[in-house]
There are 2 protein chains.
Amino acid sequence: MIFGAILAGGTGSRMANHGIPKQFIELCGKPIIIRTIEKMLSVESFDYLFIAIHPDYTDYLKDLLNNYGFENNSKIKIVSGGKERIDSIQNVINGISELSTSDDDVIIMHDAVRPFVSVEILENSIKTASEYGACVATVPAVDTMYVLDENGFISGFPDRKTLFNGQAPDSFKVGVLTNALNTLTEEERKTITGTVQICSAKGYKIKTIAGDYKNIKITTENDLSVAEGILKKEEENESLCIKG
Amino acid sequence: MIFGAILAGGTGSRMANHGIPKQFIELCGKPIIIRTIEKMLSVESFDYLFIAIHPDYTDYLKDLLNNYGFENNSKIKIVSGGKERIDSIQNVINGISELSTSDDDVIIMHDAVRPFVSVEILENSIKTASEYGACVATVPAVDTMYVLDENGFISGFPDRKTLFNGQAPDSFKVGVLTNALNTLTEEERKTITGTVQICSAKGYKIKTIAGDYKNIKITTENDLSVAEGILKKEEENESLCIKG
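Right, let's walk through the structure included here. This structure is a prediction, so every number in the text was calculated from the model and none was measured. (Residues numbered from 1 in each chain as written. Chains lettered and ligands numbered in written order. Predicted model: local features only at pLDDT ≥ 70, side-chain atom pairs only at ≥ 80, totals over all residues. Heavy atoms only, no water.)

Next up on the list: the pattern of salt bridges. Side chains bearing opposite charge may pair, as long as their charged atoms lie close to each other. Residue and element names in this part refer to chain B. Counted by the stated rule, this structure contains 13 salt bridges over all chains. Here Glu38 makes a salt bridge to Lys30, at a shortest N to O gap of 2.9 Å. Lys30 sits in the partly exposed class, given a relative accessible area of 22%. The salt bridge partner of Asp111 is Arg114, with a shortest N-O separation of 2.9 Å. Here Asp111 falls in the buried class, since its relative accessible area comes to 5%. Here Arg114 falls in the buried class, since its relative accessible area comes to 5%. (Salt bridge = Lys/Arg side-chain N within 4 Å of Asp/Glu carboxyl O. Buried < 20%, exposed > 50% of the residue type's maximum accessible area, 1.4 Å probe, protein only.)

Below, the structure written as structure tokens:
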């Protein structure tokens, strides 16, 4: 089986003047999370799509799902988002464990605020997680990166050729992620937050797949401007395609 | 004295369907390089603004400067862009050496395709290069970064807390950059391309200043969408300011 998961447990927003968590902000008239849900559901091989949401916003999400025609979508399963990201992941895994029939089932975990993930990335994640047990979408670092000392002087020049930006989704065989989570110590649970780091710390090798520079995470007002630019360009291209 | 420099020597473009080097592409009706020139000239303390341009595009640039009212601007000095970035830098330094009166003069080197640099960044670059001899604008890494091995598996997790994205401008005391360039071996000249790396290799400490996530380098079609988004948001904010 193939499980999708959207982590939308956050309640904060660095975009204060919107008054709602960032995943609910409208991007050109449609909430970001709805765009992400639509993108994931466009991949038909997902058997279920889990959404981890803070209890305070469960009704809000349900209303949105109704408004956008997902009220009877039996693939969607809403679970409670925990205080920390890792708690949301744990709740998703708990929900999946009731449905999963094999440790080789895969879970594709995506961020609610990355609506521009492509179908290709999602399908490649499914394939690669099935083959290697764990994978994550990355893109080659474009900028020159510097390591800074505590006084703001450059202390190191990482080799850009081997340096990549991590994106989402993170994808795993259910058995891999479950085992990694189950063997975390309390200390590890506090200090390691990313699922990729968790599985790596437990000795699993993480394969990478090609992400996309458009697959941005929308967390600031600036990101929102960027997202509007990407969306307008996509819509222009689509209308060009239709015209052509 | 304070020298500005815009590196615009490139003739290629990853944005093939525009048919011109990327610095000349119009962003909302105005060429990117003109936007960058206008921003730099808005900092009055620059005594001169050098522009390094490939000889094939000198006339093109001059026409643009005329069209945008810079034909009689005595601050602007056009020099030949070399085959490699470092050759352009060398040509700028050669031009500056005829005008500079002190090794403590500073040069603020910016990319033609970063039109969103702020006046604050430029002024802070001048101040910091004067004080420390060398500085560069950086922003804290937002993404989780991974080191990949040759097979595409994750082999390392750099500490994000100390990791920063390099931007431009790179700024130096004229004496520092001249000395660093003069002592480069032929081998170093081939392998080290960034001025920050050059000066660091020659033992100079590089201070960092706060860049801005909006200060993007426009090199792909995707960047162009992003740039349009940023620009539209800026214009909205400006019109809001005027209305308010």
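Alright, that's what it looks like, and here's the rest.
What follows covers the packing of helix 3 (residues 85–97) of chain B against helix 5 (residues 174–182) of chain B. Residue and element names in this part refer to chain B. With their axes 11 Å apart at the nearest point, helix 3 and helix 5 run at an angle of 130° to one another. Looking at the two axes, helix 3 sits oblique to helix 5. Our pair here, helix 3 against helix 5, has a crossing hand that is left-handed. Listed contacts from helix 5 to Ile86, Ile89, Gln90, Ile93 and Ile96 of helix 3 are Val174, Leu177, Thr178 and Leu181. Grouping the amino acids of the contact of helix 3 with helix 5 by side-chain chemistry returns seven nonpolar, two polar and no charged. (Axes fitted to C-alpha atoms, helices over the stretch in contact; angles between N-to-C directions. Helix = DSSP H or I, 4+ residues; strand = E, 2+ residues; numbered from the N terminus. Parallel < 35°, antiparallel > 145°, perpendicular 65-115°, else oblique. Left-handed = near helix turned anticlockwise from the far one by under 90°. Contact = heavy atoms within 4.5 Å. Nonpolar A, V, L, I, M, F, W, Y, C, P; charged D, E, K, R; others polar.)

All names here are of chain A. The topology assignment puts Thr58 in helix 2 (residues 58–67). Sequence separation between Thr58 and Gly81 is 23 residues; the distance between their C-alpha atoms is 9.5 Å. Every residue in contact with Thr58, bar those within four places of it in the chain, is listed here: Ile53 and Ile78.

Turning to the packing of aromatic side chains, a few remarks are in order. Under the defined criterion, the tally for this structure stands at 14 aromatic pairs over all chains. Between Phe3(A) and Tyr48(A), the ring centres sit 6.1 Å apart and the planes meet at 15°, which makes this aromatic pair stacked. Note that Phe3(A) is positioned in strand 1 (residues 2–8) and Tyr48(A) in strand 4 (residues 48–53), a separation of 45 residues in sequence. On the accessibility criterion, Phe3(A) (0% relative accessible area) is buried. Ring geometry for Phe153(A) and Tyr132(B): centres 5.5 Å apart, planes at 75°, overall edge-to-face. In this pair, Phe153(A) sits in the loop between strand 8 (145–148) and strand 9 (154–156) while Tyr132(B) sits in helix 4 (residues 119–132), so the two residues belong to two different chains. Owing to a relative accessible area of 13%, Phe153(A) belongs among the buried residues under this scheme. Through successive ring pairs, a cluster of aromatic residues spans Phe3(A), Tyr48(A) and Phe50(A). One Lys or Arg, Lys207(A), reaches over the ring of Phe153(B) and ends 5.1 Å from the middle of that ring. (Phe/Tyr/Trp six-rings, centres within 6.5 Å; stacked < 30°, edge-to-face > 60°. Lys NZ or Arg CZ within 6 Å of the ring centre and 35° of its normal.)

Note that all results are geometric; they support no functional claim without further evidence.
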